[in-house]
Amino acid sequence: MNKKNLTIGSIAFTMISLIPATKSFAAGTTDDRDAIRPYEIKIPDEALADLRQRIKATRWPDKEIVTDQTQGVQLATMQKLASYWSTDYDWRKCEAKLKALPNFVTTIDGVDIHFIHVRSKTAKALPMIITHGWPGSIIEQLKIIGPLTDPTAYGGKAEDAFDVVIPSLPGYGFSGKPTTTGWDPIRIARAWIVLVKRLGYTKFVAQGGDWGNAVTEQMALLGAPELIGIHTNMPATVPPDIDSAAFAGVPAPSGLSADEKHAYDQLAYFYKHGLGYANEMANRPQTLYGIGDSPVGMAAWMIDHDTRSYELIARVFDGKPEGLTRDDILDNATLYWLTNTTISSARLYWESKLPFFAPKHITIPVAVSAFPDELYQAPRSWPEKAYPKLIHYNKLNKGGHFAAWEQPELLTQELRAAFKSLR
């Protein structure tokens, strides 16, 4: 795959039922197509029984012939995951958490968009739309909803409050699956602006990592006056010469600071060792029938996203939870399975033609949180050049690619600080 086009980041869908209920319209709309409709998550017992049966029927390969992860996700890790998934794991606990939140759906550009919308009790709360990535979902953000919307209950101040809007990307989770091409991050960004305005907001901020960053940056580039600032935990800031050298796997350019050299090494490692899933999904997403038919195959594909995240997940299934639990990991995987979105979510890689790490010349205020175990930890010098209106930068000492999921307290603190000047 050309580097300039690089993008990182059997149970029918009828299991999820939509409750037509009383129509709810955004302020100023008069068309049913703009309706904000309540959404009920309803998974039949038969779907869960089928999942367990498929896991137990897994045909296991031979053990890897090395002592580390260089051949991929290790057999022992997957067998521990499968054992827990097929016996002790309870999807209904996750479902209860989701159903306790206000879930809605609205049709935008011909696709049903599912979203969680939690309004703060604080009158002057700042609206924020938060976008997940792959292999994530709305499950990633569940831990930050309370601290963001009700800060006084979590050690914050009332003036830190946000209203949060958390949509499922098209083709992911409970959102509809596009039946035509063209749903790239730019089109999703347009849909998100429509969504937030349809909810009646005239001023808002946006946050994202992974695909969430790509969508959030495109929202900024679209120039909607209602969007006053963005925050990213996976910024696109890599200078072109650095990116070219890292992709080629040559020694780092001279003159880099210690932080820049560290980021270069992380990026070069990812380009060399971490692009298998991205290349396949960007080129041939429809070929992934096997992982759409095998829960264990799907889970292995998902948790091999990046080395640091995989190492963390492997430790969790070795009985050493840190940031994530076994249930966290399987809640997310089960959501993908039950909604049959393994392939529909992969198509986003095929659709996007954006260079993922290249600066996009964003001119509105931008805040950056640089986590150490991200694909690369952006050194301050790169965001300062990429974002002329950098309003916040913090280099954290803990956390990785799934910041909201792994380190919700840290990310909450970052978001409060990031947007303080924009309230």
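This one's a predicted model, so the numbers in the text were calculated from it and none came from an experiment.

Chemist: Would you mind showing me how to read the overall build of the protein chain here?
Modeler: Looking only at helices and strands, the protein chain features 17 helices and 10 strands. Compactness check: the protein chain gives a C-alpha radius of gyration of 21 Å against a globular reference of 22 Å for 423 residues, within 12% of the reference. By principal-axis analysis of the C-alpha atoms, the protein chain measures approximately 60 × 60 × 45 Å. In the protein chain, buried positions account for 57% of the 423 residues. Carbon and sulfur atoms form 52% of the exposed surface of the protein chain, whose accessible area is close to 17600 Å². Taking the average place of the 45 positive charges on the side chains of the protein chain and the average place of its 46 negative ones, the gap between the two points comes to 3 Å.

Chemist: Where do I start with the pattern of salt bridges in this structure?
Modeler: Two side chains that carry opposite charge are able to pair once their charged atoms sit near each other. In total, this model carries 18 salt bridges according to the counting rule given. Notably, a salt bridge pairs arginine 119 with aspartate 163, separated by 3.9 Å at the nearest N-O pair. Pair noted here: arginine 119 is in the loop between strand S4 (111-118) and strand S5 (126-131) and aspartate 163 is in strand S6 (residues 162-167), with a separation of 44 residues, a long-range link. A residue is classified by how much of its surface remains accessible, and aspartate 163, at 7% relative accessible area, is buried.

Chemist: Just to check I follow, could you spell out helix H13 (residues 326-338) for this structure?
Modeler: An α-helix turns once per 3.6 residues; consequently, residues spaced three or four apart project the same way. Helix length check: H13 (13 residues) gives 18 Å between terminal C-alpha atoms against 18 Å at 1.5 Å per residue, within 8%. Within H13, 11 of the 13 residues are buried, leaving the element largely enclosed by the surrounding structure. Directly beyond the C-terminal end of H13, a positive phi value near 55° is found at asparagine 340.

Chemist: What should I look at first to understand the side chain of serine 137 in this one?
Modeler: As for its placement among the helices and strands, serine 137 is situated in the loop between S5 and helix H4 (142-149). If we skip the residues at most four places from it in the chain, serine 137 touches His132, Asn332, Leu335 and Tyr336.

Chemist: I'm lost on the packing of helix H5 (residues 185-198) against helix H6 (residues 211-222) in this one. Help?
Modeler: Any two packed helices are characterised by how steeply their axes cross, that is the angle between the axes, and by the distance between the axes. Two elements in contact, H5 and H6, have axes separated by 8 Å at closest approach and are oriented at 70°. With respect to their mutual orientation, H5 and H6 come out roughly perpendicular. When the axes of H5 and H6 are compared, the crossing they make is right-handed. Contacts between H5 and H6 pair Pro185, Ile186, Ile188, Ala189, Arg190, Trp192 and Ile193 from the former with Trp211, Ala214, Val215, Gln218, Met219 and Leu222 from the latter. In terms of residue class, the contact of H5 with H6 is built from 11 nonpolar, one polar and one charged.

Calculation rules
- Residues numbered from 1 in each chain as written.
- Predicted model: local features only at pLDDT ≥ 70, side-chain atom pairs only at ≥ 80, totals over all residues.
- Heavy atoms only, no water.
- Helix = DSSP H or I, 4+ residues; strand = E, 2+ residues; numbered from the N terminus.
- Rg over C-alpha atoms; globule rule 2.2 N^0.38 Å.
- Buried < 20%, exposed > 50% of the residue type's maximum accessible area, 1.4 Å probe, protein only.
- Areas by Shrake-Rupley, 256 points an atom, 1.4 Å probe, with all protein chains shown as cover.
- Lys, Arg positive; Asp, Glu negative; His and termini not counted.
- Charge placed at Lys NZ, Arg CZ, Asp CG, Glu CD.
- Salt bridge = Lys/Arg side-chain N within 4 Å of Asp/Glu carboxyl O.
- Expected span 1.5 Å × (residues − 1).
- Contact = heavy atoms within 4.5 Å.
- Axes fitted to C-alpha atoms, helices over the stretch in contact; angles between N-to-C directions.
- Parallel < 35°, antiparallel > 145°, perpendicular 65-115°, else oblique.
- Left-handed = near helix turned anticlockwise from the far one by under 90°.
- Nonpolar A, V, L, I, M, F, W, Y, C, P; charged D, E, K, R; others polar.

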